[in-house]
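Examining the three-dimensional arrangement
Listed below, chain by chain, are the residues.
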Amino acid sequence: FLGAGFSQQTVWAEHDAEQPAAGGDFLCRQFWGDPWRLAFFGAVVRSDMPFRVPAEPFLQTELTLTFDNDQASGSAGCNTYSTAYSTDGITITFQAPATTRKLCGQPEGIMQQEQLFLRVMEKSTTFRLAGYQLWLNTEDGQSLLFARQP
């Protein structure tokens, strides 16, 4: 369900056929300052199920990602975070994020969700853009699907 039917050529064609520059300049120019909101965790392994399923973030939480130059930041649901990132073509690398250190108890499971979000983001190796959607993908098949309002 994540990215089905999109080739890299399709993604670039949706952005005036502009090709990415070395160092990820394409991603930066198109999306600096505009917050992306997490819509789905893709291929998340749930301990109570023997298979992988997509999962939505808790309704009472907002997980965001904002790119600005070589920094990414946002809300992880309870805490805010900041990290350096770099891109090259469709590859992306995030450094270990620095976070505030609040402890939130509600909704139940929010801290586990936050840890999963930050872990998958840090492990991401590729990205895909399609319209107002951004996928971050790991080598082991996990994904974060973000959406942005037009």
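Parameters and conventions
- Every residue gets a number counted from 1 within its own chain, in the order that chain's sequence is written.
- A pLDDT threshold of at least 70 governs which residues receive local features in this predicted model, and a stricter bar of 80 or more applies before side-chain atom pairs are shown or counted, although totals over entire chains, interfaces and linings include all residues.
- For side-chain calculations, the full set of non-hydrogen atoms in the structure is used, while hydrogens and water are omitted.
- Helix and strand assignments come from DSSP, with helices taken as H or I runs of at least 4 residues and strands as E runs of at least 2, each series counted from the N terminus.
- Type-normalised accessible area, obtained with a 1.4 Å probe on protein chains alone, sets the label of each residue: buried when under 20%, exposed when over 50%, and partly exposed for intermediate values.
- Note on contacts: a residue pair qualifies if any of its non-hydrogen atoms lie within 4.5 Å across the two residues.
- The Shrake-Rupley method, run with a 1.4 Å probe sphere, supplies the accessible areas, and residue values consider only the shown protein chains as cover.
- Only buried residues count toward a nonpolar core. Its members are Ala, Val, Leu, Ile, Met, Phe, Trp, Tyr and Cys residues joined through side-chain atoms within 4.5 Å.
- Between any two strands, at least two bridges found by DSSP are needed for them to pair.
- Each pair of aromatic rings taken from Phe, Tyr and Trp, with Trp reduced to its six-membered ring, is defined by centres within 6.5 Å and is described as stacked if the planes are under 30 degrees apart, edge-to-face if over 60, and tilted in the remaining cases.

Quick notes on the overall build of the protein
Each helix and strand in the protein was counted, giving 3 helices and 10 strands. Relative to its 150 residues, the protein shows a buried fraction of 39%. Once local pairs closer than 6 in sequence are excluded, the contacts in the protein between residues at least 24 apart make up 53%. Carbon together with sulfur atoms contributes 51% to the accessible area of the protein, which is approximately 8100 Å² in total.

Considering the nonpolar core
Leu65, Phe67, Phe117, Leu136, Leu144 and Phe146 are the most contacted members of the largest nonpolar core, which has 23 residues in total. Sorting the residues of this core by element identifies β1 (36-45), β3 (64-68), β5 (80-88), β6 (91-94), α3 (110-123), β8 (124-130), β9 (133-138) and β10 (143-147) as the ones contributing at least two each. The element best represented in this core is α3, accounting for 5 residues. Look past the residues within four positions of leucine 144 in its chain and what remains in contact with it is Leu38, Phe40, Phe41, Phe117, Val120, Met121, Leu134, Trp135 and Leu136.

Description of the pairing of strand β4 (residues 71-75)
With 3 bridges joining them, β3 and β4 adopt antiparallel strand pairing. Note on β4: the bridge partner recorded for phenylalanine 67 is alanine 72. Adjacent in sequence and paired antiparallel, β3 and β4 are bridged by 2 residues, among which asparagine 69 carries a positive phi angle near 55 degrees. Where β4 lies against β5, 5 bridges are found, and the strand directions are antiparallel.

Quick notes on the pairing of β8
Examined bridge by bridge, β8 and β9 share 6 bridges and lie antiparallel to one another. Of the residues in β9, the one forming a bridge with serine 124 is threonine 138. The hairpin turn running from β8 into β9, its antiparallel successor, is 2 residues long, and glycine 131 in that turn takes a positive phi close to 60 degrees.

A closer look at unusual backbone geometry
Going from glutamine 106 to proline 107, the amide bond is cis rather than trans, its omega being -10 degrees. Of note, proline 107 is situated in the loop between β7 (98-99) and α3.

Focus: the packing of aromatic side chains
A ring pair, where both rings are aromatic, is described by two values, the distance of the centres and the angle of the planes. For the structure shown, the criterion picks out 4 aromatic pairs. Between phenylalanine 67 and tyrosine 85, the aromatic rings sit 4.8 Å apart at their centres with planes inclined by 65 degrees, giving edge-to-face as the arrangement. You can see phenylalanine 67 sitting in strand β3 and its partner tyrosine 85 sitting in strand β5, a full 18 residues away along the chain. Ring centres of tyrosine 85 and phenylalanine 94 lie 6.2 Å apart, and the angle between their planes is 35 degrees; this geometry places the pair in the tilted category.

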